[in-house]
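Take a look at the letters that make up each chain.
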Amino acid sequence: MPPQEIISVIYVVGNLQTGGPTLQLLYLISNLDRTRFKPIVIVTSASGEPTQIERRLDQAGVEVLRIEAGKLASMFRAPLCLKRVVRGEARVVLHPYGFRSDIICWLSRVRPRLGNVRNNLRYNYQRSLGKRRGRIISAINQFFLSKTDLVVSCGEGVRKNLATLGQDSVTVRNAIDPEIYRDFMCSDSALQPKKYAEPTYLTVASKIPGKNIEFLVEEFALAPPGSRRLIVIGAANPDLIEKHANTPTVKFRGHVTKPGDAFLETDFFISASEHEGIPNAVLEALILGRPVVLSQIPAHLEIMQTSGEEVGSTFTWTGESLNQALETVENQDYQGLSDRSYVSAERHLHAREMAHRYQLVYEALVLQAPHTIEAQLEGLTAASPSGGAKLGKVRDHL
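From a predicted model like this one, the values you see are computed outputs, not experimental measurements.

Trainee: Tell me about unusual backbone geometry, and name the residues and values.
Mentor: A cis amide bond links Arg111 with the next residue in sequence, Pro112, at an omega value of -5 degrees. The residue Pro112 is located in the loop between α4 (99–108) and β5 (114–117) in this model. Phi at Arg109 takes a positive value of approximately 65 degrees, unusual for a residue other than glycine. Take Arg109: it is sitting in the loop between α4 and β5. A positive phi angle, close to 60 degrees, is found at Asn212, a residue other than glycine. With respect to the helices and strands, Asn212 occurs in the loop between β8 (200–205) and α9 (213–221).

Here is the structure:
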C-alpha cells in the first residue's frame, strides 16, 4: 500500500461514558500511528454535555460525530450517517464497539468491518439473562459476528471460547495506557500514606453475575481483626452489605468516582471472578504497582503468564486455597513485588502493543487479506519497548 494513503478507521460506539470498553477505545486511539490511520468516532446515542472521554478525543484532534437519538431511532439514523461519512474517505475500516454497534454497521452494508468480543459470549449472556434467553441473545450476537470480515477477541481465553461456538477469531489483547488511566481515575490527592496497618485487599463488585464477591467477603469475615482487610468498591449485593455492616475485616465503599485512589490506598488487588474477558481492573492494579491475587480462570492466568514476572498468586474457590494465596503475597518483599507488577504491565500490557496489532488488522482488512493476519500477529514478540524515560516519569507520578 502506498505510504501516503491513510486508512480511516470509523469507531461506532453507543456512548462515551467512562467505562471499561470506552477506556479501551481511548487507549487504542491514543496510541495509533496518526500518520497512517485517521480515527473517526460515531456516537450513536449521544445526549447531554460532552463526556470526559469525548473532550480528550477532541483535544487530540479526533473527529467525533454525535447522533442525537434514542437507542431505537439510532438504529435507523446511524447507518445513514455511516454511509455519508464513508463517501468522503478513500480507505475505510469499520470498528464497532458493542452488540448494537455490530447491528448498525451491518445495516450500513459498509465493508470491511470487524467484530469485537470482550467476554465469554454465551456464558456471559446466560449468567446475565438466564439460560434460555441468554442462549437466544448469544445466537443473535453470533449471527452478526459471522457477517463481519474478521472477529477480534480481547484475549486468548475468549478466542478459545468462541472457537467452541464455531466462530474463528484472532486475539488482540486488552491493554492499558498508564498516563491516560491516571488522568481519568486518580485524583491529585491520591499520593498519601496507606490507610491501614494490616495487609489490605481491594476488589470490585458489579451487578454482573459471576464476580463471586460473596465468596471473598465470607472468607475475609473469618479472618481475625487486624490480620488482613478487604475493601469492596462498586455495586455489591445489598443483603451482603447489611449482613457484614459490622464486620471489622470487610468494608464496603460503594461507587467511587476515582477508582485509582482506592487501588493506591490498599496493598493488593483480589478477584474471585468465575469468568472474564481480559479484566480492566487487573490491568489497572498492575499499572499502579499493586500485586494481584486472582482466581484460576483462563483470563487471569493469561495476564499472569503475559506479565513475564511474578506479580502475585492464584487460587481456586476454596478457603484453604485462598488463604495459601494470601499468605504467598504477604510473605514476599512487598516493594519488589510492587515494582515487578508495574514494570511488567508497562512492558507487556501497554496499549502501544494493542494499537500496533490493531493496525495490522486494519491494514489486512483494507488489503482484503484477513487470512494473513493471524500469522502476522503470532510473529510479533510479546514484549514491547519499556518506554525508557517515559516509564520513569509515569512511575514517579504513582
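On we go.
Trainee: Describe in detail the environment of Gln17, supporting the description with residues and values.
Mentor: Tracing the sequence through the fold places Gln17 in the loop between β1 (7–13) and α1 (20–30). Through-space distance from the C-alpha of Gln17 to that of His300 is 26 Å; in sequence the pair is 283 residues apart. When near neighbours in sequence (up to four residues on either side) are disregarded, Gln17 contacts Thr22, Thr51 and Ile53.

Trainee: So, helix α6 (residues 131–146): which residues are in play, and what are the values?
Mentor: In a regular helix each residue adds 1.5 Å, so 16 residues correspond to 22 Å; α6 covers 22 Å between its end C-alpha atoms and thus fits that length. When α6 is considered as a whole, its buried residues turn out to be Gly134, Ser138, Asn141, Gln142, Phe144 and Leu145. Relative to the axis of α6, the buried residues are bounded by an arc of 160 degrees and lie together on one face. Exposed residues lying more than 90 degrees from the buried face of α6 are Arg132 and Arg133. Next to the buried residues of α6 lie α4, β5, α5 (121–129) and β6 (150–153).

Trainee: An account of the packing of aromatic side chains is requested, with residue identities and associated values reported.
Mentor: Per the stated rule, a full pass over the model turns up 13 aromatic pairs. Considering the side-chain rings of Tyr201 and Phe268, the 4.9 Å spacing of their centres and the 20 degrees angle between planes classify their relative orientation as stacked. Linking Tyr201 in strand β8 with Phe268 in strand β11 (residues 268–271), this pair joins segments that are 67 residues apart in sequence. Overall, Tyr201 belongs to the buried group, its relative accessible area being 0%. Ring centres of Phe215 and Phe315 lie 6.4 Å apart, and the angle between their planes is 20 degrees; this geometry places the pair in the stacked category. Of the two residues, Phe215 is situated in helix α9 and Phe315 in strand β13 (residues 312–315); the sequence distance between them amounts to 100 residues. One exposure class covers both Phe215 and Phe315, and it is buried. Taking NZ or CZ as reference, Arg109 lies 4.3 Å from the ring centre of Trp106, over its face.

Trainee: Summarise helix α16 (residues 351–366); cite the residues concerned and give the values.
Mentor: Helix length check: α16 (16 residues) gives 22 Å between terminal C-alpha atoms against 22 Å at 1.5 Å per residue, within 8%. Most of α16 sits out of view: 13 of its 16 residues are buried. In the stretch just after α16, Gln368 is the one whose phi turns positive, near 55 degrees.

Trainee: Describe the nonpolar core, naming the residues involved and giving the relevant values.
Mentor: Among the nonpolar cores identified, the biggest contains 77 residues, and Tyr11, Val41 and Tyr362 are the most heavily contacted of them. Per-element accounting of this core gives the leading share, ten residues, to α16. Judged by nonpolar contacts, the second largest core, of 22 residues, contains Tyr201, Phe215, Ala236 and Ile270.

Thresholds applied
- Residues numbered from 1 in each chain as written.
- Predicted model: local features only at pLDDT ≥ 70, side-chain atom pairs only at ≥ 80, totals over all residues.
- Heavy atoms only, no water.
- Helix = DSSP H or I, 4+ residues; strand = E, 2+ residues; numbered from the N terminus.
- Contact = heavy atoms within 4.5 Å.
- Expected span 1.5 Å × (residues − 1).
- Buried < 20%, exposed > 50% of the residue type's maximum accessible area, 1.4 Å probe, protein only.
- Arc of directions from axis to C-beta.
- Phe/Tyr/Trp six-rings, centres within 6.5 Å; stacked < 30°, edge-to-face > 60°.
- Lys NZ or Arg CZ within 6 Å of the ring centre and 35° of its normal.
- Core = buried A, V, L, I, M, F, W, Y, C linked by side-chain atoms within 4.5 Å.

All we've got here are geometric facts, nothing functional implied.
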